[in-house]
Amino acid sequence: MLLHVLHTTAYHYAPQVETAQHMAHLLPRSMPSQTVRNADLNITPAPAARSDHIDVFGNMRSFFSLPLAHSSLQIVASSLVDTHRSTFDPDQVAQTPTWEKVREHFVYHAGAAWDAANEYVFASPYVTPHADFAEYARASFTPQRPVLAAACDLMTRIHQEFEYASESTDINTPAREALAKRQGVCQDFAHILLCCLRTQGLAARYVSGYLLTEPPEGQERLIGSDASHAWVSLYIPDCVDDELTTHGQWFDLDPTNNRWGLNSPGEDYVTLALGRDFGDVSPVRGVIHGGASHTLEVGVTVFPIDDHLEEIEGEQPHAPKISQSNTLERLP
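A brief look at the structure comes next.

Criteria and cut-off values
Residues numbered from 1 in each chain as written. Predicted model: local features only at pLDDT ≥ 70, side-chain atom pairs only at ≥ 80, totals over all residues. Heavy atoms only, no water. Helix = DSSP H or I, 4+ residues; strand = E, 2+ residues; numbered from the N terminus. Buried < 20%, exposed > 50% of the residue type's maximum accessible area, 1.4 Å probe, protein only. Contact = heavy atoms within 4.5 Å. Areas by Shrake-Rupley, 256 points an atom, 1.4 Å probe, with all protein chains shown as cover. Expected span 1.5 Å × (residues − 1). Disulfide = S-S within 2.5 Å. Core = buried A, V, L, I, M, F, W, Y, C linked by side-chain atoms within 4.5 Å. Pairing = 2+ DSSP bridges. Axes fitted to C-alpha atoms, helices over the stretch in contact; angles between N-to-C directions. Parallel < 35°, antiparallel > 145°, perpendicular 65-115°, else oblique. Nonpolar A, V, L, I, M, F, W, Y, C, P; charged D, E, K, R; others polar. Salt bridge = Lys/Arg side-chain N within 4 Å of Asp/Glu carboxyl O.

**Considering the overall build of the protein chain**
Okay, so step 1: Along the protein chain, the regular secondary structure elements total seven helices and 14 strands.
Okay, so step 2: Taken across its 332 residues, the protein chain has 54% of its residues classed as buried.
Okay, so step 3: Sequence separation of at least 24 residues holds for 77% of the intrachain contacts in the protein chain that already meet a minimum separation of 6.
Okay, so step 4: A total of about 14600 Å² of accessible surface is found on the protein chain, and carbon and sulfur atoms cover 50% of it.

This is the structure in structure tokens:
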């Protein structure tokens, strides 16, 4: 599926910002589930310096500096991504190794090879394992259950037992509080699922990206009406009985929508960045001098290329004017 993603971020400052430096994760990465055909980042005012690098997690990370006074900042990320269908047969879920064997894979043994997925087993700033998460996960991780079956069951329980409430949490709400409230947004659900999986000794990472949504029947797709999305990716080693195994497969699980798949929950998903938690993949963050207060506007549009071919070939849809601060942009 060929998808066009338009992600706009707008900050307005009062008083104006004197100087600023920013970091952005807004350019998608090519991976088994998708091929990036084109990706562009347009910044206004034009930065004095900009550099794009691959970070430690394999994401495209952009740095830019604005050593000039400005009252607004506009960042428009436009990407064309070809997503691919998963070839994993759902009937193979029961054939995945037990979760205890996968857990044992990450336990240190003398002479065993180091698997890079180990870094996703441990706590991170937004994902702090606690007995409450282990208790919640226990109903899914019964003895000798196939790891993918247990993880999918946990994902489904979060989907069914938690309320999606956009105003119930903020970026600093701990995952444990969202667990207790049984409500939150996609970022909270992803962090809760990560905490549960890591309490079981499993490797799981945070995924930021986008999901194609369909407008109501008879209505046109509204530009900027979508939102960024977040879900989780679980690692299953290729051979748990071989201590030299350092390769495996990543299965993505979206508790917000109760969907999963090999490398991606579906063709209608676009992966933007991967990390230990939200802090590693925040769309925009930075340090500013000045700008005591600010307002933020974010707009996301995802559509099949045939839907709005004229906008892609010609003038891009109007993007709101944008400003940036040291505030993290939060995913719904």
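**Comments concerning helix α5 (residues 186–199)**
Okay, so step 1: Here α5 contains 14 residues, and its C-alpha end-to-end distance of 20 Å stays within 8% of the 20 Å for a straight helix at 1.5 Å per residue.
Okay, so step 2: For α5, the buried fraction is high: 13 of the 14 residues fall into the buried class.

**Describing the state of the cysteines**
Okay, so step 1: Evaluation of the coordinates by the stated rule reveals zero disulfides.
Okay, so step 2: The thiol of C195 is unpaired, and the distance to the nearest cysteine sulfur, on C196, comes to 6.9 Å.
Okay, so step 3: For C195, a relative accessible area of 0% puts it in the buried group.

**So, the nonpolar core**
Okay, so step 1: One finds F141, L154, I158, I192, L197 and L234 to be the most contacted residues of the largest nonpolar core, which totals 53 residues.
Okay, so step 2: The residues touching L154, leaving out its near neighbours within four places in the chain, are Y136, A137, S140, F141, L193, C196 and L197.
Okay, so step 3: Judged by nonpolar contacts, the second largest core, of 20 residues, contains L27, L73, A77 and V302.

**A short note on the pairing of strand β5 (residues 70–83)**
Okay, so step 1: Among the 14 residues in β5, 12 count as buried, and that is most of the element.
Okay, so step 2: Across 12 bridges, strand β1 (residues 2–27) lies against β5 in antiparallel orientation. Within β5, the position partnered with H12 by the bridge is S72.
Okay, so step 3: Strand direction decides the pairing type here: strand β2 (residues 34–44) and β5, joined by 10 bridges, are antiparallel.

**Some points on the packing of helix α2 (residues 131–138) against α5**
Okay, so step 1: Viewed as axis vectors pointing N to C, α2 and α5 meet at an angle of 85 degrees, and their least axial separation amounts to 8 Å. Classified by the angle between their axes, α2 and α5 sit roughly perpendicular to one another. Contact residues: α2 offers F133, A134, Y136 and A137, while α5 offers I192, C195, C196 and T199.
Okay, so step 2: Across the contact of α2 with α5, the residue classes tally to seven nonpolar, one polar and no charged.

**A look at the pairing of strand β9 (residues 228–237)**
Okay, so step 1: Here β9 lies mainly inside the structure; 10 of its 10 residues are buried.
Okay, so step 2: Where strand β8 (residues 204–211) lies against β9, seven bridges are found, and the strand directions are antiparallel. Looking at β9, one finds that Y206 is bridged to V232.
Okay, so step 3: As judged from the six bridges shared by β9 and strand β10 (residues 248–254), these two strands associate in the antiparallel manner. In the sheet register, I236 faces β10, and the bridge partner there is Q249.

**Details of the pattern of salt bridges**
Okay, so step 1: With the rule as written, the count across this model stands at nine salt bridges.
Okay, so step 2: Between D82 and R37 there is a salt bridge, and its shortest N-O distance comes to 3.4 Å. Of the two residues, D82 sits in strand β5 while R37 sits in strand β2, which places them 45 residues apart along the sequence.
Okay, so step 3: Since its relative accessible area comes to 18%, D82 is described here as buried.
Okay, so step 4: The partner of R259 in a salt bridge is D268, and the shortest N-O contact between them spans 2.8 Å.
Okay, so step 5: A relative accessible area of 29% places R259 in the partly exposed class.
Okay, so step 6: Since its relative accessible area comes to 16%, D268 is described here as buried.

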